[in-house]
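# Topology and contacts: notes
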Amino acid sequence: MRHNPVMAKDLAFTCSSCGATHSKWSGRCEACGAWNSIVEEQPLSAAPTSKSMGTKRGRTLPLTDLATLEAAPPRTEAGVAELDRVLGGGLVAASAILVGGDPGIGKSTLLLQAAARFARNGLKVIYVTGEESTAQVQMRARRLGLDQSPVRLAAETNLRDILTTLETEVPDLVIIDSIQTMWADTVDSAPGSVSQVRAAAHELVTFAKRRGIAVILVGHVTKEGAIAGPRVVEHMVDCVLYFEGERGHQFRILRAVKNRFGPADEIGVFEMTGKGLAEVRNPSALFLSERGTPAPGSVVFAGIEGTRPLLCEIQALVAPAPQGQARRSVVGWDGGRLNMILAVLEARCGISFAGLDVYLNVAGGLRISEPAADLAVACALVSARQDAALPETCVIFGEISLSGALRPVVQTENRLKEAQKLGFTSAILPILPKRGAGAGLDLREMRDLADVVAALFGLSPEAPEET
Ligand code: TYD
Ligand code: MG
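Residues numbered from 1 in each chain as written. Chains lettered and ligands numbered in written order. Predicted model: local features only at pLDDT ≥ 70, side-chain atom pairs only at ≥ 80, totals over all residues. Heavy atoms only, no water.

## A few points about the packing of helix H3 (residues 107-120) against helix H4 (residues 134-143)
Test applied: Note on method: axes are straight lines fitted to C-alpha atoms, helices fitted across the in-contact stretch only, with angles between N-to-C directions ranging 0 to 180 degrees. Numbering of helices and strands starts at the N terminus; helices are DSSP runs of H or I of at least 4 residues and strands are runs of E of at least 2. Angle categories: roughly parallel below 35 degrees, roughly antiparallel above 145, roughly perpendicular from 65 to 115, and oblique for all the rest. Handedness of a crossing is defined here by the sense of rotation of the near helix relative to the far one, left-handed for an anticlockwise turn of less than a right angle and right-handed for a clockwise turn. When checking whether two residues touch, look at their non-hydrogen atoms; a contact exists if any pair is within 4.5 Å. For this scheme, ten residues count as nonpolar: Ala, Val, Leu, Ile, Met, Phe, Trp, Tyr, Cys and Pro. Four count as charged, namely Asp, Glu, Lys and Arg, and the remainder, Gly too, count as polar.
Their axes nearest at 11 Å, the elements H3 and H4 cross at an angle of 70 degrees. Judged by the angle between their axes, H3 and H4 are roughly perpendicular. The handedness of the crossing between H3 and H4 comes out as right-handed. Of the residues in H4, those touching H3 at Ser108, Thr109 and Leu112 are Val137, Arg140 and Ala141. Residue composition of the contact of H3 with H4, grouped by class: three nonpolar, two polar and one charged.

Structure, rendered in structure tokens:
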């Protein structure tokens with residue numbers, strides 16, 4: 001362990017994976033269970049602070065200072081609606097943003113395109129690459145048709161050199177691709193290690209804030225789904241975006257999981273093309289475009305992502321399990337939630353999946369986390385098990401409680417409007433708390449799951465059929 005001259009009581013130990021603090025070092029974080037993630041930290045003393053977020057050093061301000069309230073943070077739009085919406089309405093000056101995603105998912109492409117857009121809209125942009133040579137980035141820019149863009153480019157990994165560049169050139173926006181390749185010569189561990197990533201992110205963010213530079217950090221995601229290195233980078237920035245998608249699919253989704261300047265959970269949908277990422281203005285149509293004739297196990301779910309309705313297809317497949325434990329396999333949804341739905345179907349509707357393998361998939365590589373998908377999932381499962389297709393023009397949504405009762409969900413009206421816009425004629429949903437929504441659609445409001453199963457498949461819980 002590094003020698004530290006500070007007295008023991010001044011030391012703090014922080015888990016670089018979950019950010020929990022501990023009073024002493026240990027090999028395993030008690031909070032999140034990660035091994036070897038606890039690092040020693042020297043807490044900042046109060047006196048020589050240089051960090052300023054808008055107050056004079058050591059001073060306070062009235063909470064309702066009209067001058068600051070009226071001056072909303074200046075924003076610059078990229079002019080790409082899918083990106084601007086995820087940022088909460090454009091890029092906020094001097095903000096810090098982390099963009100995470102699997103290697104090869106398209107982060108560098110997205111950010112180079114964004115850099116060119118912001119540069120075209122008047123920002124001075126520096127793109128720092130630590131992973132590729134300048135020639136490689138220039139070639140990519142040519143392929144994307146961006147080679148006339150005024151974006152400045154640097155291939156650099158030494159933090160000190162990068163800060164010097166920023167000091168002399170003072171851009172409005174700097175993009176660091178990626179944070180895992182940056183290293184500070186004050187920290188004696190390898191680039192990509194937890195302490196290097198922490199130090200580099202901290203230096204860059206505080207420096208940029210002080211100089212009024214917006215900074216975008218690119219971070220690779222590990223197999224476990226965390227941004228490689230410290231989760232604490234997420235705490236250092238104003239906005240955390242994930243760039244997701246399934247390999248082999250052309251859709252890419254930029255998702256805000258934290259945003260100090262706009263709604264979280266907002267998504268932007270892009271399509272990969274030979275000329276880079278193209279924005280998708282009507283994602284529902286795109287996500288449903290691959291749907292063929294309605295097959296058993298296929299259900300259209302009317303979902304909400306952020307502030308926007310999004311229709312997508314949920315597919316289930318049920319097959320006899322060969323021997324031993326039946327499989328439960330989920331792509332794009334929560335596995336625990338699937339087990340809950342299966343349990344409710346068994347307990348409240350008398351429909352058992354014992355001895356059956358269950359596969360559940362959200363089409364198009366989308367990931368859904370809303371409980372409103374419960375009812376659509378349950379219907380897909382029963383439809384697959386009974387080998388009975390549902391009507392093609394019907395959307396389904398609603399949350400299921402453990403009692404089997406259906407709970408109303410948020411933004412019902414938006415969901416129904418989107419369904420109508422895309423040509424659907426009926427909806428199966430929980431009982432509406434108030435009248436008026438979904439005029440023009442045939443609404444089948446249901447009280448609980450057993451009613452739905454009885455109405456759609458003619459199965460009644462009183463007489464569970466033999467299997
Ligand atoms: P890249 O942006 O390098 O991914 P990351 O920075 O996340 O590792 O993209 C990976 C590959 O995909 C690269 O070879 C370019 C290709 N690609 C396209 O051809 N079109 C696209 O729209 C995107 C996003 C990527
Ligand atoms: Mg890259």
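So that's the structure; there's more coming.
## Regarding the site of ligand 1
The line we're drawing: The criterion for a residue being near a molecule or strand is simple. One of its heavy atoms has to lie within 4 Å of it. Under this definition, polar contacts are N or O atom pairs within 3.5 Å; protein pairs additionally need one hydrogen-donor-capable and one acceptor-capable atom, and for neighbouring residues in sequence, both atoms have to be side-chain atoms. Where accessible areas are quoted, they stem from the Shrake-Rupley method and a 1.4 Å probe; at the residue level, only the protein chains shown are allowed to cover.
By nearness alone, 14 residues border ligand 1, and Gly104, Lys107, Ser108, Thr109 and Arg140 come closest of all. Gly104 has a polar backbone atom sitting 2.7 Å from an oxygen atom of ligand 1. In this structure, Lys107 approaches ligand 1 through a main-chain N or O atom, which is 2.8 Å from an oxygen atom. Contact with the protein chains removes 75% of the 540 Å² of surface that ligand 1 exposes when unbound. Where the shell around ligand 1 is concerned, the elements lending two or more residues are H3, H4, strand S13 (267-273) and strand S14 (276-279).

## Side note on the nonpolar core
Applicable threshold: Definition used in this section: a nonpolar core is a set of buried Ala, Val, Leu, Ile, Met, Phe, Trp, Tyr and Cys residues joined via side-chain atoms within 4.5 Å. Under the scheme applied here, a residue whose accessible area is under 20% of the maximum for its type counts as buried, over 50% as exposed, and between as partly exposed, the area being computed with a 1.4 Å probe on protein chains only. As used throughout, domain bounds are those supplied by an automatic or database domain assignment.
With 68 residues, the main nonpolar core has Leu345 and Leu381 as its most contacted residues. Both domain 2 (77-281) and domain 3 (286-457) contribute no fewer than three residues apiece to this core. What Leu381 contacts, discounting residues up to four positions off in sequence, is Ala316, Val318, Leu338, Ile341, Leu342, Leu345, Phe353, Val358 and Leu360. Membership of the second largest hydrophobic core comes to 34 residues, among which are Val86, Ala115, Ile175 and Cys239.

## Brief notes about the pairing of strand S18 (residues 356-362)
Going by this rule: Strand pairing requires that DSSP identify at least two bridges connecting the strands.
Counting buried positions over the seven residues of S18 gives five, a clear majority of the element. Here strand S17 (residues 328-331) pairs with S18 via four bridges, running parallel. Across the sheet, Ser329 pairs through a bridge with Tyr359, a residue of S18.

## Digging into the pattern of salt bridges
The test is simple: The term salt bridge refers to a pairing of a side-chain nitrogen on Lys or Arg with a carboxyl oxygen on Asp or Glu at a separation within 4 Å.
Applying the stated rule across the entire model yields 19 salt bridges. Here Arg140 ties to Glu132 by a salt bridge, and the two come within 3.4 Å at their closest N and O atoms. The salt bridge partner of Arg255 is Glu244, with a shortest N-O separation of 3.2 Å. Of this pair, Arg255 sits in strand S12 (residues 251-259) while Glu244 sits in strand S11 (residues 239-244); the two residues are 11 residues apart in sequence, bridging distant segments of the chain. Sharing partners across several salt bridges, the network here consists of Glu82, Arg85, Glu266 and Arg308.

## Here we look at the packing of aromatic side chains
The test is simple: Only rings of Phe, Tyr and Trp enter the pairing, Trp through its six-membered ring, and a pair is recorded when the two centres are within 6.5 Å. The plane angle decides the type: under 30 degrees is stacked, over 60 is edge-to-face, the rest tilted. Any Lys NZ or Arg CZ that is within 6 Å of a ring centre and within 35 degrees of that ring's normal is treated as a charge sitting over the ring.
Enumeration according to the criterion identifies two aromatic pairs in this entry. Relative to Phe270, the ring of Phe243 has its centre 6.4 Å away and its plane inclined at 70 degrees; by these criteria the two rings are edge-to-face. Taken together, the residues Phe243 in strand S11 and Phe270 in strand S13 connect sequence positions 27 residues apart. According to the relative accessible area criterion, Phe243 is buried, its value standing at 2%. A cation over a ring is seen here: Arg385 above Phe353, with NZ or CZ 5.8 Å from the ring centre. In this structure, Arg415 is placed above the aromatic ring of Phe397, and the distance from its NZ or CZ to the ring centre is 5.4 Å.

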